[in-house]
Structures are given as C-alpha cells and as structure tokens.
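Breakdown of the fold
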Amino acid sequence: MPTVHSKQDVALMAHLLRRAGFGATLQELDRCLEQGYEATVEALLSPSAPDAVPEDLIRRYHVDQSDLRNHAAGAAYWIYRMVQTPAPLREKMSLFWHRVFATAATKLIQARMVANQLDMFRDHGMGSFQDLLLRLSRDPAMMMWLDNQDNHKGSINENYGREILELFSMGVGNYTEDDIKECARAFTGWRVVNPDYMSIRMRNNTARPYGYIAWQFEYDDTDHDHDEKTFLGQVGDLNGEDVVAIICRQEATPRFIARHLYHFFVADEVPVPQWPHTAPRDPQAIDLMCQAYFDSNYDISAMLRAMFNADFFKSEAARFARVKSPVEMVVGTLRMAGGLELPSTDTYAAVGVCAAMGQFPMNPPSVEGWQGGSEWINTGAYVQRVNFASRVLSDPGKPGIQAIIGRIRDLANGRGLSAEELVDACLHIVGPLEVPDSTRDGLIEYARSWGDVDFADAASTAQAERTIVALLQLVVTTQEYQMV
Amino acid sequence: MMGDEKNRKVVVVQLSGGNDYLNCVVPYNNPRYIDNRPNVRLSEDQIIPFDNGYGLNPSMQPVKDLYDEGKVAVIHGVGYPQPNRSHFRSMDIWHTAEPTKVGDKGWLGQAIREMTPDGDNVVIAVNFAAALPRALVTLGAPVASVTDLNSYGLLNHIDAAPQRSQALDAFRDMYSRALGNGPVMDYLSKTGLDALRGADILSAVPQKYASTVEYGSNPFAKSAKSAAQVLLADVGTRICYTQHGSFDTHTNEVALQARLWDDVAGGIRDLYTDLKTHDASDDVLIFVFSEFGRRVKDNGNGTDHGSGGVAFLIGDRVKGGHYSEYPSLDDDKLVEGDLAFNLDFRSVYSEILEDWMAVEAKPIVNGTYEKLGCLNLN
C-alpha cells in the first residue's frame with residue numbers, strides 16, 4: 001500500500017510534472033511523490049536515463065521516420081519521443097528552444113536537419129547558454145534557415161546577425177542597427193560545407209534525390225571579415241565566438257531568456273513583439289532567474305532550478321494559468337492514455353491534429369515561432385481539441401485508462417461509488433482539476449445517467465468501466481482541461 | 001437579382017504549392033517560352049485556343065467555357081515586391097497581406113471581424129480542411145473548419161446517437177453555466193459554445209441540399225460540393241475557403257498540373273452550375289490564387305519556384321477579360337529567372353474587400369492599391 005500523500009502535495013507534484021514535462025501517468029506521479037518535490041526537480045534537471053528510442057523498429061516499420069525527409073514523418077517521430085521519453089524536462093526544453101530558436105523544415109526541405117538541431121537541444125539545452133548559442137550559430141539548419149551561408153566578407157547578409165540579437169538573446173531595444181551589421185560581419189565565413197551547391201539544392205526545394213545530403217558546419221577564414229568591428233561597445237577583430245561571449249555578458253540576455261522561460265513554464269505573457277513596451281507580469285521572478293544565470297556562469301539549469309523551486313511557480317495561482325499548447329494537449333493526453341510503447345500510425349494522426357490546432361511541430365510559422373496563449377483558441381481549433389482528447393480516451397483497453405479504472409476500483413474497495421465520488425475521483429486523477437460547482441454538477445448528472453459504479457461482478461464491472469470511460473471523455477472536454 | 005452587399009459571398013480556391021503560370025495561361029508561340037521550356041512545354045496542338053495570343057492548359061476547358069460566357073477575369077502577373085520563393089513564407093505573405101514583415105492577422109480574418117464584430121455569426125467563414133489557413137486567423141474571428149460536412153461536429157467519434165446527444169447536452173450545459181468565471185474561462189467558454197453552435201448549424205446543412213449536379217470524386221470536388229451545400233443552405237456563411245494541390249511540380253509537371261487542373265476546373269464548373277441552377281450564383285464570387293508562379297526555365301522534367309503568377313475571379317458579376325499584363329519573358333525583364341510581377345496582389349484584395357464584401361480595405365492591406373474594376377455591380 002503506497003504512502004498516502006496530502007491533496008496539496010499531489011496537486012503540486014502534478015503541476016510540476018505537467019509544466020516540466022507533459023503530465024505524468026499515475027505510476028510516475030506516485031514515484032515522484034515518494035522522492036519529494038525538490039528531489040524530483042533535481043532528477044528532472046539531471047536526467048540519467050538516455051532516451052531509449054527503438055531505432056531498429058522505427059527503421060523497420062516507419063522508414064520515413066528513419067529517413068526524416070518529409071515534415072510529417074519528422075514531426076511524428078518527435079511526438080513519439082515526447083510521449084515516451086524517460087526525461088520529460090529534457091524533451092520539454094527541446095520544445096522550448098524550438099519555440100525560441102524557431103527553425104522550420106519547410107524552408108530546409110528535409111526534416112532531418114531540424115531533427116539534428118533538436119538533438120543538439122536535447123544534449124545541450126540545459127547547460128551553458130553561451131555554449132548553446134555558439135552551437136546554434138554553427139547549426140547547419142539555422143545557418144541555412146537564416147541565410148548565413150550568404151553572409152560574406154564585403155557583402156554581408158544580416159539575417160542571422162539580426163535575429164540572434166532580436167529573437168534569440170537580447171530582444172528589441174538593447175542594441176543598434178550598427179550592432180546588427182557588426183554582428184553579421186563577425187559571422188562571415190561561418191557556413192556549411194560547399195555552400196553554393198547546397199544553396200542551389202535548397203532553393204530548388206526538392207527532397208529527391210538530394211535528401212541524403214547532410215549539411216555540416218565549416219569555418220572559412222578566407223571569407224571572414226578580419227577588420228576591426230565595434231559590437232555593443234567592444235572593439236576588435238571580433239569573430240562569432242567573441243560576439244556570442246559579449247551577448248552572454250549582457251544583462252538584457254538573461255532577462256529575455258527568463259521572460260521566455262516564464263512565458264513557457266509559468267504563465268502566459270503578452271506576445272513577444274510587445275515585450276519591449278510591456279513590463280513582465282512578475283518582474284521579481286525575472287530578477288531571480290537573472291541572478292541564477294550570472295551566479296552560475298550562464299547555466300540554464302540554474303535558471304530552471306530557481307524557477308521551479310520558487311513560490312511564484314509553486315503557488316496555487318500558477319496552476320492551470322496557461323493555455324495548453326497543441327503539443328502539450330496532444331502529448332499529455334497520449335501519455336495519460338498510454339499504449340504508444342512502439343511507434344504506431346497514431347503518431348501521424350497526432351501530428352495532423354497538432355497542425356489543425358495551429359502548431360505543426362518542426363514547422364513553426366516563422367522565425368518568430370508560435371506566440372501561444374489565447375492565440376491557440378479559436379472555434380476551429382476548439383473542435384479539434386475537444387474531439388482529439390475525448391477520442392483518445394475512448395478506448396478502455398489502453399494501459400493508462402486501465403490504470404485509471406484500477407485506481408477507481410481501489411477507491412471503491414468493494415463497495416459502490418456514488419456519482420459524486422466518481423466525478424471527484426476522475427477530476428483528481430486527470431488533474432487534479434478544480435472546476436466550478438456548475439461544471440461539477442454537470443459531470444455528476446452525466447455520470448448518474450450512465451448508471452452505478454461498482455465492481456461486484458463481471459457485468460457490473462463492465463458497466464462501471466463504460467461509465468468511467470464516458471465520464472473521462474467528458475472531463476477532458478472541459479475548459480479546465482484546455483489549461484495547464 | 002443580386003442580393004445586397006451584406007449578402008455577397010466569396011469562395012476562395014487556393015492552389016497550394018505554386019501553380020505554373022506559363023503552363024496555365026500559355027504563351028505558346030512566344031519564342032522565349034519555347035527556348036526556356038525545352039521539356040516542360042505545351043505546344044499549339046495541345047493548348048485550348050484562347051485570346052490575346054495565349055492558350056489555356058488543356059485541362060481548363062470548364063474555365064474556358066465560363067470565360068466564353070464572360071464570367072472570368074484573368075489577372076496577369078500578380079505578385080509583390082521582393083518575391084519570396086519559400087512556399088511557406090510566400091503563402092504567409094498572401095494570407096496576411098504583409099510582404100515586408102511577418103503579419104499575425106489574416107486578411108479574411110480581419111474582414112470577418114468587420115462583418116461580425118461580436119462574433120455572433122459563428123458560421124460566417126467555413127474552411128474546408130482540418131488546418132486553418134492563416135488568411136482566416138484573427139483573434140476573435142469565428143471560423144469553422146470542416147473536413148467532412150456529414151460527420152462534422154463535436155464528439156463525432158461517439159457513434160451511438162443517444163449517447164452523443166447526451167454528452168453534447170452535458171457539454172453545452174457545463175459551458176453555459178461556466179460563463180462569468182473570469183476572462184480566460186469566459187473566452188474558452190464562449191469559444192466552446194460557438195464551436196458547438198457552428199457545428200449544429202453546419203451538420204444540418206447536407207439534409208437541406210438537393211441537386212442534380214454530380215461532382216467528381218477528388219478532394220477538391222468534395223470541397224466545392226460542400227461549399228455549394230453551405231452557400232445554398234443560406235445559413236449566413238459569406239466566406240468559403242478551399243484548397244487543392246500540390247502544385248509544387250518540380251518533377252513530372254505536365255501530367256501533374258493537368259490532373260490538378262482537371263480537378264480544379266471541374267470543381268469550379270460544378271460549383272458554379274450548382275449555384276446557378278438554384279438561382280444563387282449572382283452573389284457568389286470565386287477567387288483563385290497561388291502563392292507564386294514557377295521558374296521560367298524548366299529543370300528537365302518540372303519547374304522550380306518562381307514569382308509572378310496568375311489569379312482568376314469568376315462569377316456572374318465579373319466583367320470577363322484580361323486584366324493587368326502578362327509579364328515579359330525577355331531575359332532582361334526577368335527577376336532572377338522569374339517573371340516579374342506587375343500587379344500587387346493587394347489590388348485584387350482591395351477590390352474583393354471593398355467592392356464586393358463592403359469592408360474597408362485600407363486597414364487590412366495597409367495602404368491604397370488601385371483596383372482593377374473587374375466587377376460589375378450595377
């Protein structure tokens with residue numbers, strides 16, 4: 001018999017696992033409650049388990065997910081990894097960086113290059129920000145996405161030089177147009193191997209027969225502008241490494257990253273383009289994370305640790321205060337239902353639904369990524385949200401649903417459950433969700449219409465399962481389930 | 001009789017992937033066309049004879065028939081400055097009417113906001129695909145996205161009718177009673193209820209429909225038929241959004257484009273005929289566009305991404321004919337090997353928005369663009 005944990009502890013742990021991951025199964029929740037909140041945060045920050053991806057089976061049954069040429073296959077492969085990962089924060093941080101450093105497979109033709117970028121986020125997304133920004137600047141997908149292969153000595157292309165400042169590190173208002181040009185000059189000569197040929201291939205925009213060509217970073221010193229540059233007040237023959245180091249020293253950099261982290265993990269902020277004109281929701285939270293950044297020599301996990309252990313994150317007011325992104329909705333629901341131990345065609349359907357809700361993984365609409373918040377909600381997307389979650393939970397044979405039924409059977413402990421008890425149990429297991437009385441009343445009425453829940457014999461057990469599944473399907477259509 | 005301007009509708013036909021302008025309205029006798037298209041060329045004996053020295057793609061006979069009735073405006077050389085050859089970005093530019101920066105509001109989404117400021121008309125715009133094109137997205141603008149009218153609705157995976165209706169009743173009840181619990185909950189509740197209301201209205205549409213027109217069996221024909229059903233049911237829908245593709249014909253272009261135009265031209269003809277036989281064609285305008293045309297020089301078996309393209313406006317109220325000019329194929333007139341645009345697409349949008357939909361265009365297209373005058377509104 002497991003230890004009984006207080007409702008507050010359960011609610012807080014479930015909150016952490018929803019935000020720092022994609023929600024937990026009942027077993028995961030129990031395991032984390034045993035080890036306690038802070039230890040769970042540490043385990044999330046330093047995952048020991050490698051992702052055990054059955055690449056051999058993927059190769060056998062889903063060749064396209066192994067080739068990673070077309071976008072849907074790439075996204076399906078990622079959805080599978082998000083659902084199955086033993087290191088949810090590592091995967092969630094990959095999604096976070098994918099949102100901040102938004103790179104789309106559409107322009108890059110092949111999904112493989114974006115998948116490689118995501119691998120880089122997995123390996124380095126919770127380490128030093130300076131290291132990450134440097135790796136990003138050398139990432140072939142980023143290089144081609146923002147045209148750095150066209151950035152030459154004597155003829156700069158400002159695209160990457162601008163976005164690294166505006167969207168990837170400091171935010172508008174903290175540098176000048178001259179800094180952008182100098183930044184671009186510092187990145188001249190940073191390119192992919194054989195750039196002319198690769199550019200033509202990319203412009204021709206065909207996966208066939210060039211899909212297997214792997215882009216690689218190379219630095220061409222002869223194409224690098226070695227003249228003196230002045231960047232954010234620093235003068236010298238600055239190269240890309242110097243620029244990245246200077247950026248990481250700026251106060252604006254952790255402020256901007258901290259606000260992104262807050263927006264992604266704590267509460268919806270206004271859309272990023274409004275940040276220069278609107279103060280953060282919680283300036284002290286940003287200060288705290290900035291302090292952690294400088295104290296730790298730019299360590300992202302130090303910022304995360306400070307955030308997850310802070311009252312502003314743990315407070316009840318923070319729970320269910322963000323609109324679930326489509327990926328959070330889809331992956332969270334698939335994790336709860338279970339049954340995706342091996343990659344199946346369900347992952348393709350999941351990608352289709354994510355796209356229909358407005359978030360095609362690996363295909364952000366632009367370098368500005370997805371704004372999120374209330375922009376996820378419109379009538380078309382709402383139909384998709386409600387139908388998806390409800391449909392996934394319609395199969396009582398799935399292991400996650402069996403576990404939920406088992407938990408309710410334990411609760412019944414040989415007697416019958418009233419409709420009230422059943423509704424409270426379902427809300428607790430799915431969330432725990434706090435719903436208005438009117439919603440609870442509606443659910444109770446619905447549960448009652450399905451009949452009694454007891455597990456006395458085979459017939460009543462079958463009836464109880466039907467009632468539980470029907471109720472779960474309605475619980476996930478609530479407004480509260482749209483929030484995380 | 002033409003309905004008043006508050007009752008006019010537009011059906012958008014998006015040719016996704018980049019429709020090859022040169023093999024759609026074909027300058028078949030132009031030596032520059034012949035030189036540049038050694039492999040991917042339509043010759044005089046293949047094209048449908050058209051006017052002004054052009055031919056039409058052999059699959060476009062239904063469009064030619066409508067043209068002969070004076071119902072088709074061929075709008076040449078449509079594009080925008082500094083053409084972008086990424087599908088995504090170029091489509092985005094068309095969708096948001098923002099060529100220079102990344103826009104966050106769709107041009108039709110903004111029109112929807114004008115036409116139903118409170119969002120009361122939840123079926124004012126119907127998109128016939130699962131994913132919402134950005135053209136229709138603007139915060140607060142209701143849009144229904146329908147893949148299949150017959151099964152459209154909330155909780156449509158619940159097969160048993162009594163159980164589904166019971167679940168929907170519970171949903172409606174919970175959502176109505178949750179109003180008044182703060183702005184976020186209210187927004188969610190209202191959106192959920194709007195979705196439900198829209199689904200109620202649209203799922204009843206097929207029962208009201210009877211027609212002798214037999215549509216094809218391809219996906220575009222299905223969308224065209226659905227659009228006809230929604231428009232004929234007269235439920236207040238003013239925008240129908242359809243798309244077909246992929247027109248991204250890097251390889252095997254001639255066969256591929258022919259098949260796609262078979263679908264599109266046939267679907268448009270059937271939609272028009274259906275509306276006409278129900279005496280409902282007078283206030284419907286069909287707008288056909290693609291995100292860009294394709295490279296002038298072929299690549300051996302297909303063509304790569306280009307810029308300037310062709311758009312069509314089709315309907316009873318269209319003054320048929322050619323508008324704007326076919327861009328020159330001369331080498332010194334090409335932009336990086338592509339046809340130069342000579343008409344900004346926002347001119348076409350301005351005409352559709354203001355003259356047809358009675359919505360002020362300037363704030364949506366961010367400027368004043370000369371209209372073509374291809375609508376007959378008397």
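Because the structure is predicted, anything quoted here is derived from the model rather than measured. (Residues numbered from 1 in each chain as written. Chains lettered and ligands numbered in written order. Predicted model: local features only at pLDDT ≥ 70, side-chain atom pairs only at ≥ 80, totals over all residues.)

Let us now look at the overall build of chain A. On a plain count of helices and strands, chain A comes out with 26 helices and 4 strands. Here the C-alpha atoms of chain A give a radius of gyration of 24 Å, agreeing with the 23 Å that 2.2 N^0.38 yields for 484 residues. For chain A, the residues scored as buried account for 54% of the 484 residues in total. The contacts of chain A with a sequence gap of at least 6 include a subset with a gap of at least 24, amounting to 74%. (Helix = DSSP H or I, 4+ residues; strand = E, 2+ residues; numbered from the N terminus. Rg over C-alpha atoms; globule rule 2.2 N^0.38 Å. Buried ≥ 20, exposed ≤ 12 C-beta atoms within 10 Å, placed from the backbone. Contact = placed C-beta atoms within 7 Å.)

Let us look at the overall build of chain B. Along chain B, the regular secondary structure elements total 10 helices and 12 strands. For chain B, whose C-alpha radius of gyration is 21 Å, the value lies close to the compact-globule estimate of 21 Å for 378 residues. Considering only C-alpha atoms, chain B reaches an extent of 70 × 45 × 45 Å along its principal axes. Looking at chain B residue by residue over its 378 residues, the buried ones come to 54%. Look at the contacts in chain B between residues 6 or more apart in sequence, and 71% of them connect residues 24 or more apart.

A few words on the pairing of strand E5 (residues 72-79) of chain B. Residues and elements named next belong to chain B. Burial runs high along E5: 8 of the 8 residues are buried. With 5 bridges connecting them, E5 and strand E10 (residues 309-314) associate as antiparallel partners. Note on E10: the bridge partner recorded for alanine 73 is leucine 313. Pairing of E5 with strand E11 (residues 321-323), which is carried by 3 bridges, proceeds in the parallel orientation. Along E11, the bridge assignment pairs alanine 73 with glycine 321. (Pairing = 2+ DSSP bridges.)

We now examine helix H7 (residues 219-233) of chain B. Residues and elements named next belong to chain B. Compared with an ideal rise of 1.5 Å per residue, which puts 15 residues at 21 Å, H7 spans 21 Å between its outermost C-alpha atoms and is within 8% of the ideal. Within H7, 11 of the 15 residues are buried, which leaves the element mostly enclosed by the surrounding structure. Those residues of H7 that sit buried are Phe220, Ala221, Ser223, Ala224, Lys225, Ser226, Ala227, Ala228, Gln229, Val230 and Leu231. Taken together, the buried residues of H7 touch strand E1 (9-15), strand E6 (125-127), helix H6 (183-203), strand E8 (239-244), helix H8 (253-277) and strand E9 (284-290). One or two positions beyond H7, positive phi appears at aspartate 234, with a value near 55 degrees. (Expected span 1.5 Å × (residues − 1).)

Further remarks concern the sheet that holds strand E4 (residues 55-56) of chain B. Backbone-to-backbone hydrogen bonds pair the strands of a sheet. The strands run either parallel or antiparallel. All names here are of chain B. Within the open sheet, the 3 strands sit side by side as E2-E4-E3. Their pairing is antiparallel. This sheet does not close on itself; its edge strands, each paired only once, are strand E2 (25-26) and strand E3 (48-49). In this structure, E3 lies alongside E4, joined through 2 bridges in antiparallel fashion. What sits directly across from isoleucine 48, in E4, is leucine 56.

A few words on the interface of chain A and chain B. Residue-level contacts link 39 residues of chain A with 43 residues of chain B. Mapped by element, the contributors of at least two residues to the side of chain A that touches chain B are helix H8 (105-108), helix H14 (195-204), helix H21 (346-356), helix H22 (379-392) and helix H25 (437-450) of chain A. Among the elements that take part in the side of chain A that touches chain B, H22(A) stands out by supplying 8 residues, more than any other. The residue makeup of the side of chain A that touches chain B, split by class, is 11 nonpolar, 22 polar and 6 charged. (Nonpolar A, V, L, I, M, F, W, Y, C, P; charged D, E, K, R; others polar.)

All names here are of chain A. As a packed pair, helix H6 (residues 71-84) and H21 sit with axes 8 Å apart at the nearest point and diverge in direction by 105 degrees. In this view, H6 runs roughly perpendicular relative to H21, as classed from their interaxial angle. Residues Ala72, Ala75, Ala76, Ile79 and Tyr80 of H6 form the contact with H21, whose own contacting residues are Thr347, Tyr348, Ala350 and Val351. Here the residues of the contact of H6 with H21 sort into 8 nonpolar, 1 polar and no charged. (Axes fitted to C-alpha atoms, helices over the stretch in contact; angles between N-to-C directions. Parallel < 35°, antiparallel > 145°, perpendicular 65-115°, else oblique.)

Do not read the fine detail of predicted coordinates wherever pLDDT is low. Of the residues in chain B, 99% reach a pLDDT of 70 or more, and the chain-wide mean stands at 93. Scoring of the predicted complex yields 0.83 for pTM and 0.88 for ipTM. (pLDDT = per-residue confidence, 0-100.)

Turning our attention to helix H2 (residues 61-68) of chain B. Residue and element names in this part refer to chain B. Buried residues of H2: Val63, Leu66 and Tyr67, and no others. Buried residues of H2 fall within an arc of 105 degrees about the axis and therefore sit on the same side. Positive phi shows up at glycine 70, right after H2, with a value of about 80 degrees. (Arc of directions from axis to C-beta.)

Residues Met289(A), Met303(A), Leu471(A), Ile75(B) and Leu202(B) are the most contacted members of the largest nonpolar core, which totals 275 residues. Excluding its chain neighbours within four sequence positions, the residues that come into contact with Met303(A) are Ala258(A), Leu261(A), Met289(A), Ala292(A) and Tyr293(A). (Core = buried A, V, L, I, M, F, W, Y, C linked by C-beta atoms within 7 Å.)

Attention now goes to the pairing of E10(B). Residue and element names in this part refer to chain B. Of all 6 residues in E10, 6 are buried; the element is thus mostly enclosed. The alternating pattern of E10 places Gly309, Ala311 and Leu313 and Val310, Phe312 and Ile314 on opposite faces, both of which are buried. Note that E9 and E10 share 3 bridges and pair antiparallel. Bridge pairing in E10 places phenylalanine 287 opposite leucine 313.

Residue Pro432(A) is bonded to the preceding Gly431(A) through a cis peptide linkage, with omega at 5 degrees. The topology assignment puts Pro432(A) in the loop between helix H24 (419-430) and H25. With an omega dihedral of 10 degrees, the bond running from Gly245(B) to Ser246(B) counts as a cis peptide bond. Its location among the elements puts Ser246(B) in the loop between E8 and H8. For Asp147(A), which is not a glycine, the phi torsion comes out positive at approximately 65 degrees. Under the C-beta neighbour-count criterion, Asp147(A) is labelled partly exposed, with 14 such atoms within 10 Å. You will see that Asn52(B), though not glycine, has its phi angle at about 55 degrees, which is positive. For Asn52(B), the location among the structural elements is in the loop between E3 and E4. Of the residues examined, Asn52(B) has 12 C-beta atoms within 10 Å and is grouped as exposed.

Before going further, it helps to spend a moment on the environment of Ile286(A). Residue and element names in this part refer to chain A. Secondary-structure assignment places isoleucine 286 in helix H17 (residues 283-295). Residue isoleucine 286 is classed as buried on the basis of its 20 C-beta neighbours within 10 Å. Leave out the neighbours within four places in its chain, and isoleucine 286 touches Arg255, Ala258, Arg259, Tyr262 and Pro280.

Take the packing of helix H5 (residues 161-177) of chain B against H6(B) next. Residue and element names in this part refer to chain B. Axis separation between H5 and H6 bottoms out at 9 Å; the angle between their running directions is 145 degrees. Seen from above, H5 lies across H6 with left-handed handedness. Contacts from Phe171, Arg172, Tyr175 and Ser176 of H5 reach H6 at Ser189, Gly192, Leu193 and Leu196. Counted by class, the contact of H5 with H6 contains 4 nonpolar, 3 polar and 1 charged residues. (Left-handed = near helix turned anticlockwise from the far one by under 90°.)

Here we come to the environment of Arg112(A). Along the chain, the position of Arg112(A) falls in helix H9 (residues 111-124). Ignoring any residue separated from it by four or fewer positions in sequence, one finds Arg112(A) in contact with Leu68(A) and Arg69(A).

On to the environment of Ala105(A), then. All names here are of chain A. Tracing the backbone through its elements, the reader meets alanine 105 in helix H8. Here alanine 105 falls in the buried class, since 28 other C-beta atoms lie within 10 Å of it. Sequence-wise, alanine 105 and tryptophan 145 are 40 residues apart; in three dimensions their C-alpha atoms are separated by 8.7 Å. Residues within four places of alanine 105 in sequence aside, it is in contact with His71, Gly74, Gln110, Ala111, Val114, Met362 and Asn363.

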